[in-house]
Amino acid sequence: MDASTRQHWLHGFLDLCLLALLAERRDYGRGLAERLADAGFDDVPGGTLYPALLRLEKQGFVRTEREPSVTGPPRKYYELTDLGHAAMRERRDAWQQFRAAMSTVVEGASRAPNGPGSVR
Amino acid sequence: MLLVVASTVLREISRRRVALLFILLLPLVFYLVRIDVHWQAIRFLAIGIGWAVATLSLFSHVGSRRMDERLSVVGAPPTALFFGRQLALVAVGLGVAAVYFGLVALTQSELPRLGGVALLLVTTVLIGVPLGALVSMVITRELEGALALLSVMALQLLVDPDGPMAKLLPLWSTRELSAYAIQEHGAGSLSSGLLHFVVTASICVAVAWIVSVVRLSPVRMLPPSQGGPVGADG
Amino acid sequence: MTASHWESELRVHLVEAGIEAVEAVELARDAAAEAEAAGLHPDSMYGPAVAYAATLASTVRRASVTAAPLARELGAVVLRVSGVTKAYRRRQVLREVDLTLRAGEVAAIVGANGSGKSTLLNICAGLTRASSGSVERTSRIGYAPQHDGVSALLTPAEHFRLFGAVYGMSPKKSVALGTRLAAQLGWRPRKDVVASQLSGGTQQKLNVVLAELNRPDLILLDEPYQGFDQDSYLDFWDQVFRWRDGGAGVLVVTHMLHDLDRVDHVLELRPVEES
């Protein structure tokens, strides 16, 4: 399977990922990109990441702040608002339901005689 | 509303430079063709102007039909749309007439009544513009309408003005008034010419206006009574 | 191309896409700063400025729509079509069509070509009379036909003034309003361009703006998204739902079944056999 399908998958959930990362702690754009990569996602291009952050800002889920940094130009930091925290919780619940359904269907297939292995 | 329509139409027309150029130069061709016989030249000039502005009016009305429908459906009065357009076209026609009046005044020295020439050109414009509109309402398509106008103008030039059918042609008054302008003893032509002009122009304007109002007026519909079923079937 | 060149290109294209100048400056500066911080040229980080501008602009537009959908109450009936039939000589185009549309609802008319969709819309607008049946509708309507909706030799501003005059608006107000409405569709009208010089999609945006200029209670649209790219198509439907949320009734003729689940009524027309 190629990278573009995985990218498509991430597109659908990118907003939720960013909300979750920011719920943990505030961060700037590149920091978020690094944390996503650390978690195991493919590199998210700037042309996708920054519009997603802009969308969150326009929806009122995130507020931004410029901070001077030691190592170069001032950084734009993103932080969840109360509305953002509420949205994050709502979407996380929806995600958990979705994930449970996916597990049932997809991992259920590997229980079949022709499946590759056993399920947890 | 009427003035807004008129100014909008003027802007529209001003952007069709080549067409405007033809409108301006066509009468010149008519004029020069008979320049040796000056009374014929002026008469031909007037008919040329009448034909040019009638054609402009025809195409303007046909071309605006869809937009006029759209405007009337949202509340524009069809009368304002009609007369606004006519006003703009008359303005263009009078502009052309003014240019040729100047030309005639400068080049013709033996005219008994220069004012008669002005009257001639103005009345021709005032017939040509509603005539074009009338043809557009009756014939509704540009090519057929233009051919109809062409036929009328050809008849106008060829028919014996004293013959029985001549007075049925729209620009008969042009012929009469040109006699008034050009001939020393043409004073008798003034009243008959003016009468024919008033009758013809009134008929053209009235019929074209009524037809346009009837065609453009949107279907009257009452506001819906409230209550009743919600939904759609088909 | 230098980074600052890319940044000013981005700013220009954002403004063209309907973003306010001040916001465009800020967005462009932010984008350039992030690229600089990453040590990358903006072109390699975001791609060509014109494409990125389109993405950013539609993100801005769309975010304001989904942010807070208004609670909707069913409003007054704005259109009632009962038993409408339309026949031309020996050909019947519509047979016994019924539809009730309220303020705050969206109805889609779908059907194959030749099924009479445009005819039905024209009857609702008042351009044609139904052969039988009745149509009741509110008097404040907007109407966007499929073809010939705009005047080729007039500029957008002249269109706004003309339509504004029908509604009793002053020229300044109508042009200001038209320009603002155009921005919602991602378009900034230029002063010196006549309608025939606009791209097909932009002409249709003008068509749509003219239909909503007087905040009508009922908006009738005949497949006005011809020539729209994907972003504009989505913006158009966002606009439809914005109208709905604002309390208008919207009737759209469409043959694209894509967004029908968000719509309140779907009326399917089938071609009537020759009688």
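A closer look at the nonpolar core
So, step 1. With 125 residues, the main nonpolar core has L45, I49 and V53 of chain B together with I109, C124, L220 and L251 of chain C as its most contacted residues.
So, step 2. With 14 residues, the single largest contributor to this core is helix α3 (residues 38-63) of chain B.
So, step 3. Beyond its immediate stretch of four places on either side in the chain, I49 of chain B contacts P27, V96, A97, Y100, L121, T124 and V125 of chain B.
So, step 4. Among the nonpolar cores identified, the runner-up in size contains 39 residues, and Y28 and V44 of chain A together with A24 and V60 of chain C belong to it.

What about the packing of α3 of chain B against helix α8 (residues 172-182) of chain B?
All names here are of chain B.
So, step 1. Axis separation between α3 and α8 bottoms out at 10 Å; the angle between their running directions is 140°. Considering their axes alone, α3 and α8 lie oblique with respect to each other. Here α3 runs over α8; the crossing is right-handed. Taking contact as the criterion, the partners of W39, I42, R43, A46, I47 and G50 in α3 are, on α8, T174, R175, S178, A181 and I182.
So, step 2. Across the contact of α3 with α8, the residue classes break down as six nonpolar, three polar and two charged.

Observations regarding the sheet that holds strand β1 (residues 27-28) of chain A
All names here are of chain A.
So, step 1. If you walk across this open sheet you meet the three strands as β1-β3-β2, and the pairing is antiparallel. A strand with exactly one partner marks an edge of an open sheet, and here the two such strands are β1 and β2 (62-69).
So, step 2. As paired elements, β1 and strand β3 (residues 72-80) share two bridges and run antiparallel to each other. Bridge assignment links D27 to a residue of β3, and that residue is Y78.

Points about the sheet that holds strand β3 (residues 106-111) of chain C
Residue and element names in this part refer to chain C.
So, step 1. One open sheet holds the five strands; their spatial order is β5-β6-β7-β3-β8, and the pairing between them is parallel. Across the chains shown, the open sheet's two edge strands, defined by having one partner strand only, are β5 (141-144) and β8 (265-269). Direction aside, the axes of adjacent strands within the sheet are offset by 15° on average.
So, step 2. Pairing analysis gives five bridges linking β3 to β8, with the strands arranged parallel. Residue pairing across strands places A107 opposite H265, the latter belonging to β8.

As for the environment of R34 of chain B
All names here are of chain B.
So, step 1. Looking at where R34 falls in the secondary structure, it is placed in the loop between α2 (17-33) and α3.
So, step 2. R34 sits in the partly exposed class, given 15 other C-beta atoms within 10 Å.
So, step 3. Separated by ten residues in sequence, R34 and F44 have C-alpha atoms that sit 7.5 Å apart.
So, step 4. Each residue touching R34, except ones within four places of it in the same chain, is listed here: Q40, A41 and F44.

Re the interface of chain A and chain C
So, step 1. Across the contact, 15 residues belong to chain A and 20 residues belong to chain C.
So, step 2. Sort the elements by how many residues they give to the side of chain A that touches chain C and helix α3 (residues 46-58) of chain A lands first, with seven residues.
So, step 3. In the side of chain A that touches chain C, the residues fall into four nonpolar, six polar and five charged.

Topic: the pairing of strand β2 (residues 91-102) of chain C
So, step 1. Bridge analysis of strand β1 (residues 77-88) of chain C against β2 of chain C gives eight bridges, and the strand direction is antiparallel. In the sheet register, L79 of chain C faces β2 of chain C, and the bridge partner there is L101 of chain C.

Let's talk about helix α6 (residues 156-166) of chain C
Two residues of an α-helix separated by three or four positions point the same way, owing to the 3.6 residues in each turn.
Residue and element names in this part refer to chain C.
So, step 1. Among the eleven residues that make up α6, ten are buried, leaving the element largely enclosed by the rest of the structure.
So, step 2. For α6, the set of buried residues is P156, E158, H159, F160, R161, L162, F163, G164, A165 and V166.
So, step 3. Trailing α6 by a residue or two, G168 shows a phi angle of about 80°, which is positive.

Considering the interface of chain C and chain B
So, step 1. Contacts between chain C and chain B engage 39 residues on the former and 31 residues on the latter.
So, step 2. Looking at the side of chain C that touches chain B, the elements with two or more residues in it are β1, β2, β4 (132-137), β5, α6 and β8 of chain C.
So, step 3. Considering only residue class, the side of chain C that touches chain B consists of 21 nonpolar, eight polar and ten charged.

What to know about unusual backbone geometry
So, step 1. Unlike most non-glycine residues, T140 of chain B shows phi in positive territory, near 60°.
So, step 2. By the secondary structure assignment, T140 of chain B is in the loop between α6 (114-139) and α7 (142-158).
So, step 3. A residue is classified by how many C-beta atoms lie within 10 Å of it, and T140 of chain B, with 13 of them, is partly exposed.
So, step 4. In this model, E96 of chain C sits at a positive phi of 50°, which is unusual for a non-glycine residue.
So, step 5. Mapping E96 of chain C onto the fold places it in strand β2.

Description of the confidence of the model for chain B
So, step 1. Considering every residue of chain B, the mean pLDDT works out to 87; 95% of them sit at 70 or more.
So, step 2. Both scores are given for the predicted complex: the pTM is 0.78, the ipTM 0.88.

As for the arrangement of the chains
So, step 1. There are two pairs of chains in contact here; the most contacts are made by chains B and C.
So, step 2. Looking at chain A next to chain B, you find no contact at all, with the nearest C-alpha pair sitting 32 Å apart.

Details of the packing of helix α7 (residues 171-184) of chain C against helix α8 (residues 200-212) of chain C
Pairs of packed helices are described in terms of their axes, by the angle between the two and the distance that separates them.
Residue and element names in this part refer to chain C.
So, step 1. Axis separation between α7 and α8 bottoms out at 9 Å; the angle between their running directions is 125°. In terms of orientation, α7 and α8 fall into the oblique class. Here the hand of the crossing between α7 and α8 comes out right-handed. Counting all contacts with α7, which are made through G178, L181 and A182, the residues of α8 involved are K205, V209 and E212.
So, step 2. Residue composition of the contact of α7 with α8, grouped by class: three nonpolar, one polar and two charged.

What counts, and at which threshold
Residues numbered from 1 in each chain as written. Chains lettered and ligands numbered in written order. Predicted model: local features only at pLDDT ≥ 70, side-chain atom pairs only at ≥ 80, totals over all residues. Core = buried A, V, L, I, M, F, W, Y, C linked by C-beta atoms within 7 Å. Buried ≥ 20, exposed ≤ 12 C-beta atoms within 10 Å, placed from the backbone. Helix = DSSP H or I, 4+ residues; strand = E, 2+ residues; numbered from the N terminus. Contact = placed C-beta atoms within 7 Å. Axes fitted to C-alpha atoms, helices over the stretch in contact; angles between N-to-C directions. Parallel < 35°, antiparallel > 145°, perpendicular 65-115°, else oblique. Left-handed = near helix turned anticlockwise from the far one by under 90°. Nonpolar A, V, L, I, M, F, W, Y, C, P; charged D, E, K, R; others polar. Pairing = 2+ DSSP bridges. pLDDT = per-residue confidence, 0-100.

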